[in-house]
Amino acid sequence: MDNQPVGLNKEIAARLAEERLAEWRRSGYDDWRAMLDDKDTRLVVGENGRRYAVVSYALDDGDGRIRMSVAVDDGGSSALTPLLRDEIMKADGTCLT
């Protein structure tokens, strides 16, 4: 019998999302623009041994701003409502929080 807890571990998912956004913060505006209309999907094993899908994608937020969104799920029912985190970068390279 599987003793793993049911449902998404939101603490781990949030940490994975924030780690991915931190990677993007180290990138420049041009890298964010290059992600428009594209997405990056990674399978990551969390510290609880479960596998998580970490999907990041960029959206044009208007006025030269780009919104980088990260969705994290564990492949279960959380795939329908993943944990979401996002950040906005302005054309001058500064991030809005």
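Located above this text is the structure these notes cover.
Everything numeric in this text was worked out from a predicted model, so none of it was measured.

**Q** Can you explain the pairing of strand S4 (residues 83-89)? Please cite residues and give values.
**A** A regular strand carries its side chains on alternate faces of the sheet. Of the strand pairs in this sheet, strand S3 (residues 65-73) and S4 are connected by 7 bridges, and their pairing is antiparallel. For Met 68, the partnering residue across the bridge sits in S4 and is Glu 87. Where S4 meets strand S5 (residues 95-96), 2 bridges bridge the pair, whose relative direction is antiparallel. Each bridged residue has a counterpart across the sheet, and for Met 89 the counterpart in S5 is Cys 95.

**Q** For the nonpolar core, give the residues involved together with the corresponding values.
**A** Counting 21 residues, the largest nonpolar core has Met 68 and Val 72 as the members making the most contacts within it. Of all the elements in the fold, those that place two or more residues in this core are helix H1 (10-25), helix H2 (29-34), strand S2 (51-62), S3 and S4. Among the elements that take part in this core, H1 stands out by supplying 7 residues, more than any other. Leave out the neighbours within four places in its chain, and Met 68 touches Leu 21, Trp 24, Trp 32, Met 35, Ser 56, Tyr 57, Ala 58, Arg 85, Asp 86 and Glu 87.

Calculation rules
- Residues numbered from 1 in each chain as written.
- Predicted model: local features only at pLDDT ≥ 70, side-chain atom pairs only at ≥ 80, totals over all residues.
- Heavy atoms only, no water.
- Pairing = 2+ DSSP bridges.
- Helix = DSSP H or I, 4+ residues; strand = E, 2+ residues; numbered from the N terminus.
- Core = buried A, V, L, I, M, F, W, Y, C linked by side-chain atoms within 4.5 Å.
- Buried < 20%, exposed > 50% of the residue type's maximum accessible area, 1.4 Å probe, protein only.
- Contact = heavy atoms within 4.5 Å.

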